[in-house]
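# Working through the structure, step by step
Now for the letters of each chain:
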Amino acid sequence: MNTTIPGPDGRPRCRWCAAAPEFFHYHDTEWGFPVTDDRRLFEKLCLEGFQSGLSWRTILAKRENFRAAFHGFDFKRIASFTERDVLRLLEDAGIVRHRGKIEAVIHNAQRACEMVAREGSLAVFFWGYEPKAATLAEPQTVSTSAESLALSKDLKKLGWKFVGPTTVYAFMQAMGLVNDHADGCVVREQVGRARQSFKRP
């Protein structure tokens, strides 16, 4: 099966872009490019948690609403949320109104503050699980890896929630810890160059 499809400009993109027109922009400008910004890392891990049982299209369509509801995923602010905030968020039709997932974001924000105090940044911790190139599977052939299993296990030990190995692997793909763009995808080479010049935290 062909792993790419023609994009709007006729050049090949990862086949998953065919699922929704808005995926092309996300794929071309975000997915797989390396990220060290702690807020973006925290946001993505939270949104992956919200996606559990849903489609990424649903979450992507609501992403700006999530950002507004959670103060741009400023985990220092979210860490002080109370039950009143939970109730407010459960009334917000612009996001996914799931009490367990909302409470997990607040809980994980507290754990994120602890991690920054201990490690210096979230980026330092997460990029410590970047796999070596020699261990990588063929692009988009797996939904977990030894590194995502290890990261999931260690996050759970630290008290984080909604961080199973599949969720964590999707996070690693999106945040550039692995270049999982399909062979032949025009963005794979761009991500490869970005990773070459990228300064690990």
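Chains are numbered independently. Their residues run from 1 in the order of the written sequence. A pLDDT threshold of at least 70 governs which residues receive local features in this predicted model, and a stricter bar of 80 or more applies before side-chain atom pairs are shown or counted, although totals over entire chains, interfaces and linings include all residues. The side-chain values count all of the structure's non-hydrogen atoms but skip hydrogen atoms and water molecules.

With that out of the way, let us pick up the UniProt feature "binding site: Zn(2+)" (unreviewed entry) in the protein. Sites flagged by UniProt as "binding site: Zn(2+)" (unreviewed entry) map to Cys14, His27, His181 and Cys185. On the basis of their most widely separated C-alpha atoms, the annotated residues across 172 residues gather in one place, lying no more than 10.4 Å apart. Numbering goes from the N terminus for both helices and strands, where a helix is a DSSP run of H or I of at least four residues and a strand is a run of E of at least two. As for its position among the elements, His27 is in helix H1 (residues 23-29). Classification of residues uses two cut-offs on accessible area relative to the type maximum, computed with a 1.4 Å probe and protein chains only: under 20% is buried, over 50% is exposed, and between them is partly exposed. What makes His27 buried here is its relative accessible area of 0%. You can see His181 is positioned in the loop between helix H10 (165-174) and helix H11 (186-197). In what follows, a contact means two residues having at least one pair of non-hydrogen atoms within 4.5 Å. In contact with His181, other than residues within four places in its own chain, are Cys14, His27, Trp31, Gly32, Pro139, Gln140, Val187, Arg188 and Val191. Within the structure, the side chain of His181 is placed 2.7 Å from the backbone oxygen of Trp31, a separation counted as a polar contact. UniProt positions are given in the numbering used here, feature names are shortened, and annotations may be inferred rather than shown by experiment. N or O atoms closer than or at 3.5 Å make up a polar contact, with two conditions inside protein: a donor-capable atom paired with an acceptor-capable one, and, for residues adjacent in sequence, both atoms drawn from side chains.

Within helix H6 (residues 83-90), the full set of buried residues consists of Asp85, Val86 and Leu89. One side of H6 carries all its buried residues, which in axial view fall inside an arc of 105°. Check the buried side of H6 and you find it contacts helix H4 (63-69) and helix H7 (99-119). Our arc is simply the arc of the directions from the helix axis toward the C-beta atoms.

On to the packing of aromatic side chains, then. Whether two aromatic rings pair depends on their centres lying within 6.5 Å, for rings of Phe, Tyr and Trp, where Trp uses its six-membered ring; planes under 30 degrees apart make the pair stacked, over 60 edge-to-face, and the rest tilted. In the structure shown here, the tally under the stated rule is 15 aromatic pairs. The ring of Trp56 carries the charged tip of Lys44 above its face, separated from the ring centre by 3.4 Å. Definition used: whenever NZ (Lys) or CZ (Arg) falls within 6 Å of the ring centre and also within 35 degrees of the ring normal, the charge is taken to sit over that ring. The cationic tip of Arg88 hangs over the ring face of Phe81; the distance from NZ or CZ to the ring centre is 5.5 Å.

On to the state of the cysteines, then. Only a pair of cysteine sulfur atoms within 2.5 Å qualifies as a disulfide here. With the rule as written, the count across this model stands at zero disulfides. Among the cysteines around Cys113, which has no disulfide bond, Cys46 carries the closest sulfur, lying 12 Å off. Cysteine Cys185 is unpaired, with the sulfur of Cys14 as its nearest cysteine sulfur at 3.8 Å. Judged by its relative accessible area of 5%, Cys185 is buried.

Turning next to the packing of helix H9 (residues 146-157) against H10. Where H9 contacts H10, the axes come no closer than 8 Å and their chain directions differ by 115°. Taken together, the axes of H9 and H10 lie roughly perpendicular to each other. Relative to H10, H9 is oriented so that their crossing is right-handed. Across the interface between the two elements, Glu147, Ser148, Leu149, Leu151, Ser152, Leu155 and Lys156 from H9 touch Pro165, Val168, Tyr169 and Met172 from H10. Residue composition of the contact of H9 with H10, grouped by class: seven nonpolar, two polar and two charged. Axis lines are fitted through C-alpha atoms, for helices just across the contact stretch, and the angle between N-to-C directions can take any value from 0 to 180 degrees. The cut-offs work like this: below 35 degrees is roughly parallel, past 145 is roughly antiparallel, 65 to 115 is roughly perpendicular, and the gaps in between are oblique. Two helices cross in a left-handed way if the nearer one is turned anticlockwise from the farther one by less than a right angle. They cross in a right-handed way if the turn is clockwise. Any residue outside Ala, Val, Leu, Ile, Met, Phe, Trp, Tyr, Cys, Pro, Asp, Glu, Lys and Arg is labelled polar, Gly included; the first ten of those are nonpolar and the last four are charged.

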